[in-house]
Structure formats: structure tokens, C-alpha cells
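Residue-level structural notes
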Amino acid sequence: MAENRSKQILINNSSSDCSSDLSMAVETHESHILIVEDDQGRKEFTLERPLYSIGRDRECDIRLVSQFVSRRHATLVRLPRNDNGNDRYYYRIVDGDAKGKPSSNGLMINGRKIAAHDLKNEDEIVFGPQVRAIYYLLKRETIPPGQTDASEYDITLINPGMTEDIED
């Protein structure tokens, strides 16, 4: 019972604003991707919502097809992080459903059995035999409106003297 309360705390530990600072010269955009492999093959999910249920139940946001996976196997929770004044977020995976009921077989993350984990780029999550996922955090920088990328105007000038015609 105490374990259920601690899982609920892990999930509900988010009470911060997730707005972005637009006053920066260059802004970094992040994409959170979960690639799942199960009995039906490979599927890719772009994570944008604050909460995802993962399991074999038809009502789950990310459905896993395998008899070895619990109906509500895990929960993904988006939590805020503050890096250098930029409010961004990360995802935490928690074993079981959002109410704290654990899955039957648990989670293996990067080879270790863990009840909850803050996901980092290329973390591997194993839900059961032949059912796994890899999390990717992709970052790209964008230039704000009104500024240009120098490579947009990169041209090569050729000196006419460099292209001598060979005459016989």
C-alpha cells in the first residue's frame, strides 16, 4: 500500500509552468519520440501530451500487442524541467497505471528492473519478451523570425582567371 502511494507521488510531482522563452536569439525545439516493437511490428509515437497509458488494453494511448504485457503496463508522464532559463519538459515512465497499480512483470529500463525512470535519449524499455521501446529526444535549433541563417546566402564566386581555356 505504501508502494502505491509512492508511485502516485512520482506521477503527480509536477506543478510548474511549461512555457517557452521567446526572447532567446536561438530557440531549441525538442521532439520526444517513442519507437515500440511488439508482436505486430514497429510503431513510432511522437510524444506531445502530458500523460500516456501504455499496455495491451484497447483504451491505452500506446497499445502493445503481446500476451506478456499487462492491460495497463506503464504510464508516461510529462514533467517540466528548467535548463538555463528555458522551460522545457521531459518524460518519466512509471510501472503500472496512473492510480499506482503495478504491472504483473514490471519494467526493464536499460537492463535494470526499475519502477520509475526519467527518460533520456536512447533509453531502452522492455515490457516483456519481444516487446520493447526506445525513447529518443531529438533537439534542433531554429532561428527566430527576422533573423537569417548565414548558410542561406552562401555562394561561391569564381575568378574568371581560374578557368583558363586550353587552346591547342
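The structure contained in this document is the topic of the report that follows. (Residues numbered from 1 in each chain as written. Predicted model: local features only at pLDDT ≥ 70, side-chain atom pairs only at ≥ 80, totals over all residues. Heavy atoms only, no water.)

Concerning the pattern of salt bridges
- Here the structure, examined in full by the defined rule, presents seven salt bridges.
- R132 is the salt-bridge partner of E37, the closest N and O atoms lying 3.7 Å from each other. Residue E37 is found in strand 1 (residues 27-38), and its partner R132 is found in strand 11 (residues 131-142); the two are separated by 95 residues along the sequence.
- Looking at E37, the relative accessible area reads 30%, which means it is partly exposed.
- Taking the relative accessible area as the measure of exposure, R132 reaches 27% and is therefore partly exposed.
- The residue E124 makes a salt bridge to R132 at a minimum N-O spacing of 2.5 Å.
- Each of E30, R81 and R88 takes part in salt bridges that share partners, so that together they form one network. (Salt bridge = Lys/Arg side-chain N within 4 Å of Asp/Glu carboxyl O. Helix = DSSP H or I, 4+ residues; strand = E, 2+ residues; numbered from the N terminus. Buried < 20%, exposed > 50% of the residue type's maximum accessible area, 1.4 Å probe, protein only.)

Re the layout of surface pockets
- Each pocket or cavity is described by its volume, and for the second largest pocket that value is around 200 Å³.
- Every residue lining the second largest pocket is listed: R56, S70, R71, R72, D97, K101, P102, S103 and S104.
- Per-class residue counts for the lining of the second largest pocket are one nonpolar, three polar and five charged. (1 Å grid on protein atoms, 1.4 Å probe; cavity = no way out; pocket = protein on both sides within 12 Å on 5 of 7 lines; lining within 4 Å. Points joined across faces, edges and corners; volume = space filled by probe spheres on them. Nonpolar A, V, L, I, M, F, W, Y, C, P; charged D, E, K, R; others polar.)

Brief notes about the nonpolar core
- Grouped together as the largest cluster of nonpolar side chains are 23 residues, with contacts concentrated most on L34, I54, L76, I93 and F127.
- If you list the elements that add at least two residues to this core, you get strand 1, strand 3 (51-55), strand 5 (74-83), strand 6 (86-95), strand 10 (123-128) and strand 11.
- The element best represented in this core is strand 11, accounting for four residues.
- Excluding its chain neighbours within four sequence positions, the residues that come into contact with I93 are I54, A74, T75, L76, L107, I109, A115, A116, H117, L119, I125 and F127. (Core = buried A, V, L, I, M, F, W, Y, C linked by side-chain atoms within 4.5 Å. Contact = heavy atoms within 4.5 Å.)

Some thoughts on the environment of K139
- For K139, the position within the fold is in strand 11.
- Once the C-alpha coordinates of K139 and E30 are considered, the two residues, 109 residues apart in sequence, prove to be 4.5 Å apart.

Here's the deal with the packing of aromatic side chains
- Tallied over the full model, the rule gives two aromatic pairs.
- Measuring from ring centre to ring centre gives 6.3 Å for Y52 and Y91, while their planes differ by 55°; the resulting arrangement is tilted. Separated by 39 residues along the polypeptide, Y52 in strand 3 and Y91 in strand 6 bring together distant segments of the chain. Neither Y52 nor Y91 differs from the other in exposure class; each is buried.
- Centroid distance Y89 to Y91: 5.8 Å. Interplanar angle 85°. Geometry classified as edge-to-face.
- In this structure an aromatic cluster arises from ring pairing among Y52, Y89 and Y91. (Phe/Tyr/Trp six-rings, centres within 6.5 Å; stacked < 30°, edge-to-face > 60°.)

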